[in-house]
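# A closer look at the structure
If you want the building blocks of each chain, they are given just below.
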Amino acid sequence: MKVLLLLSILLVNPLLLSGCSDIKPWVKPYERNNLADPIMSLDRHGAAGAYIHHVYQAREGARGAEGGAGGGCGCN
Amino acid sequence: MRGVDVVVTNLSKLPSAFFKLFFILLTTVNLSWVPFSAQAATLPVDSVDILYHSFEGGGMDINGPFVLVRKSIGSQVSVNGHYYVDSVSAASIDVVTSGASEYTEERTELSAGVDFLHEKTMVSAGYTESEENDFLAKTVFMSVNQDFFGDLSKITMGYARGWDEISKFGDEVINEADRQNFKIGLSQILTKNSLMGFDVETATDEGFLRNPYRSYRILNDDKVGYTNEPENYPETHTSTAIAVRGLYYLPYRASIKAEYRFFSDNWGVKANTYELLYVHPLGKSWTLEAKLRYYEQTQADFYSDLFKADTQEFKARDKELSTFSDVTYGAGVTYELGKGFIPYINKLKFTLLADYLEFDYDNFRDASDTSLVAGTEPFYHFSAWVTRASITLEY
Amino acid sequence: MNKIVFKWLILLTITSFSFGASAEILKGAAPDFTLKSNQGKNLRLEDFRGEVVMLNFWASWCGPCRQEMPLMEELYKKYQKLGFTILAVNVDEDSSDADGFLSAVPVSFPVLYDNQSKVSEQYEVDAMPTTVMIDRDGNKRFLHRGYKEGYEIEYAKQVKQLIRE
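First, a word on scope: everything that follows refers to the structure included in this document. Remember, predicted model here, so these are calculated numbers, not experimental data.

Here the focus is the interface of chain A and chain B. Listed as interface residues are 42 residues of chain A and, on the opposing side, 73 residues of chain B. Residue assignment for the side of chain A that touches chain B shows that the elements contributing at least two residues are helix 1 (2-19) and helix 2 (46-59) of chain A. It is helix 1 of chain A that provides the largest number of residues to the side of chain A that touches chain B, a total of nine residues. Looking at side-chain class alone, the side of chain A that touches chain B contains 24 nonpolar, 13 polar and five charged residues.

Our focus in this paragraph is the nonpolar core. The biggest cluster of nonpolar side chains holds 59 residues, and the ones touching the most others in it are Ala59, Cys62, Ala88, Val89 and Met128 of chain C. At six residues, strand 4 (residues 52-58) of chain C tops the list of elements feeding residues into this core. If near-sequence neighbours (up to four positions away) are discounted, Cys62 of chain C is found in contact with Ala36, Cys73 and Cys75 of chain A together with Met128 and Pro129 of chain C. By size, the runner-up hydrophobic cluster in this structure holds 24 residues, among which are Trp267, Tyr295, Tyr303 and Ala316 of chain B.

A few words now on helix 2 (residues 63-79) of chain C. All names here are of chain C. Between the first and last C-alpha of helix 2 there are 25 Å, a value that for 17 residues agrees with the 24 Å anticipated at 1.5 Å per step. For helix 2, the principal kink sits at Met69 and spans about 35°; a proline, Pro70, occurs within the next four residues. Looking only at helix 2, the buried set comprises Pro64, Cys65, Glu68, Met69, Met72 and Tyr79. Among the structural elements, strand 4, strand 5 (84-90) and helix 5 (151-164) are those in contact with the buried residues of helix 2.

Helix-helix packing is described using two parameters, namely the angle between the two axes and the distance between the axes. All names here are of chain C. Contact geometry of helix 2 with helix 5 gives a least axis separation of 11 Å together with a crossing angle of 25°. With respect to helix 5, the axis of helix 2 lies roughly parallel. Every pair of crossing elements has a handedness; the one defined by helix 2 and helix 5 is right-handed. Taken together, the residues of helix 5 that come into contact with helix 2 (itself represented by Glu68, Leu71, Leu75 and Tyr79) are Glu152, Tyr155, Ala156, Val159 and Ile163. Here the contact of helix 2 with helix 5 is composed, by residue class, of seven nonpolar, no polar and two charged.

Okay, the pairing of strand 8 (residues 140-145) of chain C next. Residues and elements named next belong to chain C. When you tally the buried positions in strand 8, you get five out of six residues, the bulk of the element. Judged from the three bridges that link them, strand 1 (residues 23-25) and strand 8 form a sheet pairing that is antiparallel. Pairing of Ile25 across the sheet is with Phe142, part of strand 8. Here strand 7 (residues 130-134) pairs with strand 8 via five bridges, running antiparallel. Bridged to Ile134 within strand 8 is Lys140. Turn length for the strand 7-strand 8 hairpin, with the two strands adjacent in sequence and antiparallel, is five residues, and the turn residue Gly138 shows positive phi of about 80°.

Turning next to unusual backbone geometry. Residues and elements named next belong to chain C. Omega for the peptide link from Met128 to Pro129 comes to -5°, which places this bond in the cis form. Following the sequence through the fold, Pro129 ends up in the loop between helix 4 (118-122) and strand 7. Positive phi values are uncommon outside glycine, yet Ser117 reaches one of about 65°. Along the chain, the position of Ser117 falls in the loop between strand 6 (111-113) and helix 4.

About the criteria used
Residues numbered from 1 in each chain as written. Chains lettered and ligands numbered in written order. Predicted model: local features only at pLDDT ≥ 70, side-chain atom pairs only at ≥ 80, totals over all residues. Contact = placed C-beta atoms within 7 Å. Helix = DSSP H or I, 4+ residues; strand = E, 2+ residues; numbered from the N terminus. Nonpolar A, V, L, I, M, F, W, Y, C, P; charged D, E, K, R; others polar. Core = buried A, V, L, I, M, F, W, Y, C linked by C-beta atoms within 7 Å. Buried ≥ 20, exposed ≤ 12 C-beta atoms within 10 Å, placed from the backbone. Expected span 1.5 Å × (residues − 1). Bend = angle between axes of the 7 residues up to and from the residue. Axes fitted to C-alpha atoms, helices over the stretch in contact; angles between N-to-C directions. Parallel < 35°, antiparallel > 145°, perpendicular 65-115°, else oblique. Left-handed = near helix turned anticlockwise from the far one by under 90°. Pairing = 2+ DSSP bridges.

Everything listed is a geometric property; what it means functionally is a separate question.
Here it is as structure tokens:
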């Protein structure tokens, strides 16, 4: 349970940070030129990406935490 | 590593505690950012992805199509579906050793899902069904993701529940297994040129968890030969994986991604995965990529290539539970065409990816040569080519 | 357990619904600026005093921005003769990316290049795209963050209102 608490603090951190209004988002929406570039996507290959994870899962003992979403243009 | 065991045991108590945390965080994230913005993220792009996939190596030849379709309905909903087939021709080491002959089989998977976007929250749900002549798996999944802190952070939480029916060809008995997994992820933009991701996933399976075709070896009294017996696995399997990844934009327009994942389960398996991916565009249309991945794991407690005596309840000889490592060398090329080539198509992308995998087992032996004394056979290793060729249309 | 899960998810989805305003009311003078444009000369905001100005911040890499461009063109064509203009401030670091997009989706209103993000900072742009409606006296009146289907109806309403003032 202690570990669980630690994990949740880690994840809640950005929330707490923003609660203190003096820390403002340091990358502005209009500065996301490079981050919006498709080569900066965590999931560039859709179906092909899902397939290779399946290949590894079927042959290895480990599973999970393969995903990732985020970054991008941050529009809207 | 005792400390690690403690962490993992605590993390594996996650299921019900996770649920509570899941919803507390969800509420906090959803409501606390209201005064900040009445903004939103974007729906996935409408697309059709047609992939041909192939795995060749280790005596196995598995290939087939994988079609993934996404369509938005209005500005808040996107539906998706996929169709996947594995056509298998297998004479793998397990098949060969058990004395069976090469077999062919087909696995078909169908999935349907929906994404719903409201302001900065995306709720997704779906159902997948996978079927072979001796295996049926049904999975229901849902996830929520939320953008916050000026869209610099994104938190994702997901839950999946599955029901499997496992039988053996020719055998009437249908065994069952239930699966659950929970994941939580945080992706954070660090600078104008970098972002990082942190993911945790815990899974619990219950029921019939072994492959009914696999058997373990037990040394005969003559100490030379062995007998095959059906494996016996525990009825529960709980695991946790923690991964961290970083993506960096290089000034001449290229990107580099580094990933590390730690895995541990209550069967004693511990694994480390390291991956490096370099993406290099050439002009506006071509993109090249290179990948290097290294995986290593230590065996399950109840694994042995050759049991000397029948001293423990659980016994496995599944090479996926042995101590081994594998390396992947991958390369890929993508060619992209923008608007104008095909009416109504905004983007047309051709992708070709080739990966060379080398598996090296430290304590799983190649028992195909029956003239050798049991336990003296060479350790098994194999290599495989994984090919992915796809056409993606965005409309 | 599953029932609780479901109820919670519904509750959360509903709560996230309650907050969704398309436009925010603004006050004060619109900060003046001069930027290079695609009209062959630099354009200054003050020069448009007397006209209703829709100031739109966009980028070639921003999906919703690209989506609203043709709709903005329609709006421009409809109300231009009544004393209305659109100034589309492009924030691409490399302006050739913007020009590439414009050759595929041409527009007749002025496009300004803010590749140093000076004007974006001035206007404290915190979403992409951002639209600021400026009245004939040069005051900021309405703010739209992002673009979703249907926003163009709001734009038209506000433009008509400001034209009539």
